[in-house]
Amino acid sequence: MRDQHLVSRRTLLQGMAAGTAVATTGLGTSRPAFAKDLVVGFIYVGPKDDYGYNQAHAEGATIIKKIPGVTVLEEEKVPETLDVQKTMESMIELDGASLIFPTSFGYFDPHMLKVAAKYPDVQFRHCGGLWTEGKHPKNTGSYFGYIGRAQYLSGIVAAHTSKTKKLGFIAAKPIPQVLINVNSFALGAKSVDPTITTQVIFTGDWSLPVKEAEATNSLADQGVDVITCHVDGPKVIMETAERRGIFCTGYHADQSKLAPKGYLTGAEWNWSKVYEAFVTEAQAGKPLPNFVRGGLSDGFVKTSAYGPAVSEEARKQADSVKAEMIKSPDYAVFKGPLKSNIGKEVIPAGKSYPETAIELESTDYLVEGIIGAIG
Amino acid sequence: MDNVGMVLVALIAGALRVSTPFLFVSLGECLTEKSGRINLGNEGALVLGAMTGYAASYETGSAWIGVLAALVAGGGLGLLHGLVCSLARVNDVAMGIAVMLAGTGIAFFFGKPYIQPSAPQLPVIPLGFWSDAPQIRSALDVSPLFFIGLLVAFVMTWAFKNTRTGLVVRIVGDSSDAAKAMGLPIDRVRVIATTIGSALAGVGGSFLSLSYPGSWNEGLSSGQGLVAVALVVFARWNPLACAAAALLFGAAGALGPSLQTVGITQGYYLFYAAPYALTLLIMILTVAPGRVLRGMPGELSLTR
């Protein structure tokens, strides 16, 4: 009796297979490559409200949401493991995403490359400079910004504000991108007053709140009165500096709310510019560029509004240098002759490196005037 | 001030600032282990306490209510661990790891909306009022929680030695056979000890979010709870030694940044490893091979 009501296993399996086939083809056709209604996926490695790296990207995503015909998917705290592949696949399969921005460095290889090979119709753009023509799939690419000039401007403002002529820089790891920022900040400060020193402290990792607070305190103890940083979430550093009654300049995003008295200015990403460009091209059905880079003059990077402690003189100088930077893309912060802080000549006289110079990408020194060592 | 003086001040300041979470977690763990259980979940209690404390302080406007909430949250996690471990054939180390993951997971999940806002902070006791040097003044801004922690250490030492309750905990921890013979409620004692121990760890977490570094985010603990559990072994299950070990760890943690600020910059990775190298060294020097650690409760699953 009971058997009559049961579907035999074979029929069931056949039915399921047919159903799946219909479902997949259905998905395939209902996923037009770059139609008007575009689904864009953003993947962050940390919380998107961290006042830092991830918030900078999430702010860009917020702007994209306002473009008509665009649906934005976001997923935060996705580790740089197989998890990110699952996230990308679910964005593509379940939500029909056709453009994905995995924003963290470690998502690229192998995760994004693997998923990109599986879904050739979907476009992937990764934040960083890792994409190489010919080596990586055509539906992937890289975008990145040069933020050194903004740090140079922060250095100018810091030097004007400092009374002790001692600045502090809390950095995570001595890798080229970080060292370029430290050097740019110190050079900006030295352009105001050549005797000014910048003390750098390496904490050893991207997010170590207790160590960052300790570093801020010991810099303040040593008489440093302006602090900046290159870590993933500058929140603790800004708050600690404010509590110690000293000044700070921000990084990644606008942190002025955390230090209403002491926040001077900051070097911020302006990813919305990049994302807007990608999305409008995708909506127009044009092929997306594979490799995008830009700096202050391209609007990829911006500076925070000046805080109340910034003097008229500082504003004037920083603004005029900024105008010059925006006008000429060849403006060079790194000009020879330049010595490292151990007395080695790193840029010979007569040479100058604009921010796009390939030489800067192998920076392994701290310039004269910085107290600290990378080893 | 000369450089040696600077580093010394930084070490003292670091000991006072950084040690408090180590102090609370190691005291809590000491109590739990004295009763014969290991609770690796205290890392979870620390993170959960940090989040709950911050959230409660933000919602109510009072940092002390935050500390109380952290105490309750930590205690709740400890109660869970204690009850589950009372079941037959439950391994307390494995359960501890599960509790640790649960605690941090719950904290991250509910802590999301509290990453951005700024919650009221605990007051500090300005013990450096006599000095003009800003370094010393800031170094001696000590949190009241630090003194509460020290007080707990003294009370625990005294209670283990001089009270009936202390004796009961020690008997249960040292020999369940003896405890059974005396008719002591072994499981109940252990559950209570684990709950109180975990509540202390929760208070340690509230120090992280409400005093120093004084904000909530997901990287806040970076494993301090686990280090504190190890400190208990290092301190030979003696609450006062736990306090000393916590201070030592705090000072050693301040060594890296302060040496870099005075210009000793080579090999900073080595200075950051100093606390761990120190622990290893003392362990090697004090443990004779082949013998059970002095002071170790006989019922710990490590010895059985």
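What you are looking at is a predicted structure, and each value in this text was computed from that prediction instead of being measured. (Residues numbered from 1 in each chain as written. Chains lettered and ligands numbered in written order. Predicted model: local features only at pLDDT ≥ 70, side-chain atom pairs only at ≥ 80, totals over all residues. Heavy atoms only, no water.)

### Concerning the state of the cysteines
All names here are of chain B.
Reasoning step 1: Counted by the stated rule, this structure contains zero disulfides over all chains.
Reasoning step 2: Of all cysteine sulfurs, the one in Cys30 lies closest to Cys85, which takes part in no disulfide; the gap is 18 Å.
Reasoning step 3: No disulfide involves Cys242; its sulfur sits 4.4 Å from that of Cys30, the nearest cysteine.
Reasoning step 4: Residue classification places Cys242 among the buried positions, given a relative accessible area of 0%. (Disulfide = S-S within 2.5 Å. Buried < 20%, exposed > 50% of the residue type's maximum accessible area, 1.4 Å probe, protein only.)

### With respect to a nonpolar patch on the surface
Reasoning step 1: There is a patch of nonpolar side chains on the surface, built from Leu68, Leu71 and Val72 of chain B and spanning about 280 Å² of accessible area.
Reasoning step 2: As for its placement among the helices and strands, Leu71 of chain B is situated in helix H3 (residues 63-86). (Patch = residues over 30% accessible without salt bridge, like charges linked within 9 Å, V, L, I, M, F, W, Y side chains within 5 Å. Areas by Shrake-Rupley, 256 points an atom, 1.4 Å probe, with all protein chains shown as cover. Salt bridge = Lys/Arg side-chain N within 4 Å of Asp/Glu carboxyl O. Helix = DSSP H or I, 4+ residues; strand = E, 2+ residues; numbered from the N terminus.)

### A few points about the UniProt feature "transmembrane region" (unreviewed entry) in chain B
Residue and element names in this part refer to chain B.
Reasoning step 1: Taking the numbering used here, the UniProt-annotated feature "transmembrane region" (unreviewed entry) corresponds to residues 6-28, 63-84, 93-111, 142-160, 189-208, 228-255 and 267-288.
Reasoning step 2: Secondary structure within residues 6-28 divides into 100% helix and 0% strand; the distance between the first and last C-alpha atoms comes to 33 Å.
Reasoning step 3: Between the end C-alpha atoms of residues 189-208 there is a gap of 29 Å, over a span that is 100% helix and 0% strand. (UniProt positions renumbered as here; feature names shortened; annotations may be inferred.)

### Remarks on the packing of helix H2 (residues 42-60) of chain B against helix H9 (residues 186-210) of chain B
All names here are of chain B.
Reasoning step 1: One way to put it is that H2 packs onto H9 with a least axis distance of 6 Å and a crossing angle of 55 degrees. Our classification of the angle between H2 and H9 gives oblique. In the crossing of H2 with H9, the sense of the turn from one axis to the other is right-handed. Of H9, the residues touching H2 (which contributes Asn42, Ala45, Leu46, Gly49, Ala50, Gly53, Tyr54 and Ser57) are Gly197, Ser198, Ala201, Gly202, Gly204, Gly205, Ser206, Leu208, Ser209 and Leu210.
Reasoning step 2: Tallied by class, residues from the contact of H2 with H9 come to seven nonpolar, eleven polar and no charged. (Axes fitted to C-alpha atoms, helices over the stretch in contact; angles between N-to-C directions. Parallel < 35°, antiparallel > 145°, perpendicular 65-115°, else oblique. Left-handed = near helix turned anticlockwise from the far one by under 90°. Contact = heavy atoms within 4.5 Å. Nonpolar A, V, L, I, M, F, W, Y, C, P; charged D, E, K, R; others polar.)

### Details of the packing of helix H1 (residues 3-34) of chain B against helix H11 (residues 239-261) of chain B
Residue and element names in this part refer to chain B.
Reasoning step 1: Their axes nearest at 5 Å, the elements H1 and H11 cross at an angle of 140 degrees. In this view, H1 runs oblique relative to H11, as classed from their interaxial angle. Helix-helix and strand crossings are classified by hand; for H1 and H11 the assignment is right-handed. Side by side, H1 and H11 meet where Val7, Ala10, Leu11, Gly14, Ala15, Val18, Ser19, Phe22, Leu23, Ser26, Leu27 and Cys30 of the first sit next to Pro239, Cys242, Ala243, Ala246, Leu247, Phe249, Gly250, Ala251, Ala254, Leu255, Ser258 and Leu259 of the second.
Reasoning step 2: In the contact of H1 with H11, the residues fall into 19 nonpolar, five polar and no charged.

### Thoughts on the interface of chain B and chain A
Reasoning step 1: With 41 residues of chain B at the interface, the matching set in chain A holds 37 residues.
Reasoning step 2: Here chain B and chain A share an interface that buries about 3100 Å² over both sides, 50% of which is from carbon and sulfur atoms.
Reasoning step 3: At the junction of chain B with chain A, the criterion picks out two salt bridges.
Reasoning step 4: Put simply, Arg17 of chain B and Glu214 of chain A hold a salt bridge, and the shortest N to O gap is 3.1 Å.
Reasoning step 5: Along the contact surface separating chain B from chain A lie 14 residue pairs in polar contact (both at pLDDT 80 or more).
Reasoning step 6: Of all the secondary structure elements, the ones that give two or more residues to the side of chain B that touches chain A are H1, helix H5 (134-139), H11 and helix H12 (268-272) of chain B.
Reasoning step 7: If you tally residues by element for the side of chain B that touches chain A, the top one is H11 of chain B, at five residues.
Reasoning step 8: Grouping the amino acids of the side of chain B that touches chain A by side-chain chemistry returns 18 nonpolar, 20 polar and three charged. (Buried area = accessible area lost by both parts, 1.4 Å probe. Polar contact = N/O pair within 3.5 Å; in protein donor to acceptor, adjacent residues only side chain to side chain.)

### Some remarks on the pattern of salt bridges
Reasoning step 1: Applying the stated rule across the entire model yields 14 salt bridges over all chains.
Reasoning step 2: The salt bridge partner of Lys138 of chain A is Glu133 of chain A, with a shortest N-O separation of 3.6 Å.
Reasoning step 3: Close ionic contact of Arg190 of chain B with Glu299 of chain B constitutes a salt bridge, the shortest N to O distance being 3.5 Å. Taken together, the residues Arg190 of chain B in helix H9 and Glu299 of chain B in the segment after helix H13 (274-286) connect sequence positions 109 residues apart.
Reasoning step 4: Arg190 of chain B gets classed as buried once you look at its relative accessible area, which sits at 9%.
Reasoning step 5: For Glu299 of chain B, a relative accessible area of 10% translates into the label buried.

### A closer look at the packing of aromatic side chains
Residues and elements named next belong to chain A.
Reasoning step 1: Within the structure shown, the criterion is met by 20 aromatic pairs over all chains.
Reasoning step 2: Seen from their ring centres, Phe101 and Tyr143 are 5.8 Å apart, and the 90 degrees between their planes marks the pair as edge-to-face. Of the two residues, Phe101 is situated in strand S3 (residues 99-102) and Tyr143 in strand S5 (residues 140-145); the sequence distance between them amounts to 42 residues.
Reasoning step 3: Residue classification places Phe101 among the buried residues on the basis of a relative accessible area of 0%.
Reasoning step 4: In textbook terms, an aromatic cluster arises when at least three aromatic residues are bridged by ring pairs, as seen for Phe42, Tyr44, Phe101, Tyr143, Phe144, Trp269, Trp271, Tyr275 and Phe278.
Reasoning step 5: In this structure, Lys335 is placed above the aromatic ring of Tyr331, and the distance from its NZ or CZ to the ring centre is 6.0 Å. (Phe/Tyr/Trp six-rings, centres within 6.5 Å; stacked < 30°, edge-to-face > 60°. Lys NZ or Arg CZ within 6 Å of the ring centre and 35° of its normal.)

### Let's talk about H1 of chain B
Residue and element names in this part refer to chain B.
Reasoning step 1: Over its 32 residues, H1 runs 43 Å from end to end, which matches the ideal 46 Å to within 8%, given 1.5 Å per residue.
Reasoning step 2: When the local axis directions of H1 are compared, the greatest deviation, roughly 50 degrees, occurs at Ser19, which is followed within four positions by the proline Pro21.
Reasoning step 3: Positioned one or two residues after H1, Gly36 has a phi angle of 100 degrees, which is positive. (Expected span 1.5 Å × (residues − 1). Bend = angle between axes of the 7 residues up to and from the residue.)

### Comments concerning the pairing of S5 of chain A
Residue and element names in this part refer to chain A.
Reasoning step 1: In terms of burial, S5 is largely enclosed, as six of its six residues are buried.
Reasoning step 2: Side chains of S5 alternate between two faces, with Thr140, Ser142 and Phe144 and Gly141, Tyr143 and Gly145 buried alike.
Reasoning step 3: Here strand S4 (residues 123-127) pairs with S5 via four bridges, running parallel. Directly across from Cys127, in S5, lies its bridge partner Tyr143.
Reasoning step 4: Direction of pairing for S5 relative to strand S11 (residues 291-294): parallel, over a ladder of four bridges. Note that in S11 the partner of Ser142 across the bridge is Phe291. (Pairing = 2+ DSSP bridges.)

### So, the nonpolar core
Most often, soluble globular proteins have nonpolar side chains that are buried together.
Reasoning step 1: Within the largest apolar cluster, 95 residues are counted, with the highest numbers of intra-cluster contacts made by Phe42, Leu99, Tyr143 and Phe334 of chain A.
Reasoning step 2: Shared between two domains, this core holds at least three residues of each, these being domain 1 (32-145) and domain 2 (148-265 + 301-371) of chain A.
Reasoning step 3: With sequence-adjacent residues up to four places away left out, Phe334 of chain A is seen in contact with Ile180, Asn183, Ser184, Leu187, Ile347, Ser352, Tyr353 and Leu360 of chain A.
Reasoning step 4: Within the second largest apolar cluster, 70 residues are counted, among which are Leu200, Phe207, Trp216 and Val227 of chain B. (Core = buried A, V, L, I, M, F, W, Y, C linked by side-chain atoms within 4.5 Å. Domains from an automatic or database assignment.)

### Quick notes on the sheet that holds strand S2 (residues 70-75) of chain A
Residues and elements named next belong to chain A.
Reasoning step 1: Spatially, the six strands line up as an open sheet ordered S2-S1-S3-S4-S5-S11, and their pairing is parallel. The sheet is open, and its two edges are formed by S2 and S11, each paired on a single side. Recorded for the sheet is a direction-independent mean angle of 15 degrees between the axes of neighbouring strands.
Reasoning step 2: Its contacts with the sheet put helix H3 (residues 53-65) on strand S1 (38-43), S2, S4 and S5, and the angle it makes with S2 is roughly 160 degrees.
Reasoning step 3: The sheet contacts of helix H10 (residues 271-283) involve S1, S2, S3, S4, S5 and S11, and relative to S5 the element is tilted by about 150 degrees.

### Details of the domain arrangement of chain A
Residue and element names in this part refer to chain A.
Reasoning step 1: By the assigned domains, chain A splits into domain 1 (32-145) and domain 2 (148-265 + 301-371).
Reasoning step 2: Just the C-alpha atoms count here: the centres of domain 1 and domain 2 sit 30 Å apart.
Reasoning step 3: Note on domain 1 versus domain 2: buried area summed over both sides is about 740 Å², and carbon and sulfur give 66% of it.
Reasoning step 4: Our count for the domain 1 to domain 2 interface comes out at zero salt bridges.
Reasoning step 5: Taken together, the links from domain 1 to domain 2 amount to two residue pairs in polar contact (both at pLDDT 80 or more).
Reasoning step 6: Residue composition of the side of domain 1 that touches domain 2, grouped by class: three nonpolar, one polar and one charged.

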